[in-house]
Amino acid sequence: MNRDIFDGFNVNVFLDEDGDYLAHFVEMPNVSAFSDTPEGR
């Protein structure tokens, strides 16, 4: 798990069991994003 600041929001990045990355916005618990790389490329 990595913790970083993204445009003023705290974002937790997790690697899931399928090898995809999940970004969870701490201040917005209903918002998340998935990608196959941490950079979303």
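Chemist: Could you clarify how one ought to interpret the overall build of the chain in this entry?
Modeler: Along the backbone of the chain there are zero helices and four strands. In the chain, the succession of helices and strands from N to C terminus is β-β-β-β. Split by element, the accessible area of the chain, about 3,400 Å² in all, is 51% carbon and sulfur.

Chemist: How should the environment of Phe25 be read in this particular structure?
Modeler: Within the fold, Phe25 resides in strand β3 (residues 21-25). In the structure, Phe25 is positioned 16 residues away from Phe9 in sequence and 6.8 Å away in space, judged by C-alpha atoms.

Chemist: Just checking my understanding: could you explain the confidence of the model for the chain for this structure?
Modeler: As a note on interpretation, predicted positions should not be read in detail where pLDDT is low. Looking at the chain as a whole, its pLDDT mean stands at 79, while 78% of the residues score no less than 70. Mean pLDDT values over the elements of the chain span from 59, in strand β1 (residues 2-6), up to 87, in β3.

Chemist: Got a minute to help me understand the environment of Pro38 in this structure?
Modeler: Residue position: Pro38 is located in the segment after β4 (32-35). According to the relative accessible area criterion, Pro38 is exposed, its value standing at 52%. The spatial distance from the C-alpha of Pro38 to the C-alpha of Ala23 is 8.4 Å, given a sequence separation of 15 residues.

What counts, and where the lines are drawn
- Residues numbered from 1 in each chain as written.
- Predicted model: local features only at pLDDT ≥ 70, side-chain atom pairs only at ≥ 80, totals over all residues.
- Heavy atoms only, no water.
- Helix = DSSP H or I, 4+ residues; strand = E, 2+ residues; numbered from the N terminus.
- Areas by Shrake-Rupley, 256 points an atom, 1.4 Å probe, with all protein chains shown as cover.
- pLDDT = per-residue confidence, 0-100.
- Buried < 20%, exposed > 50% of the residue type's maximum accessible area, 1.4 Å probe, protein only.

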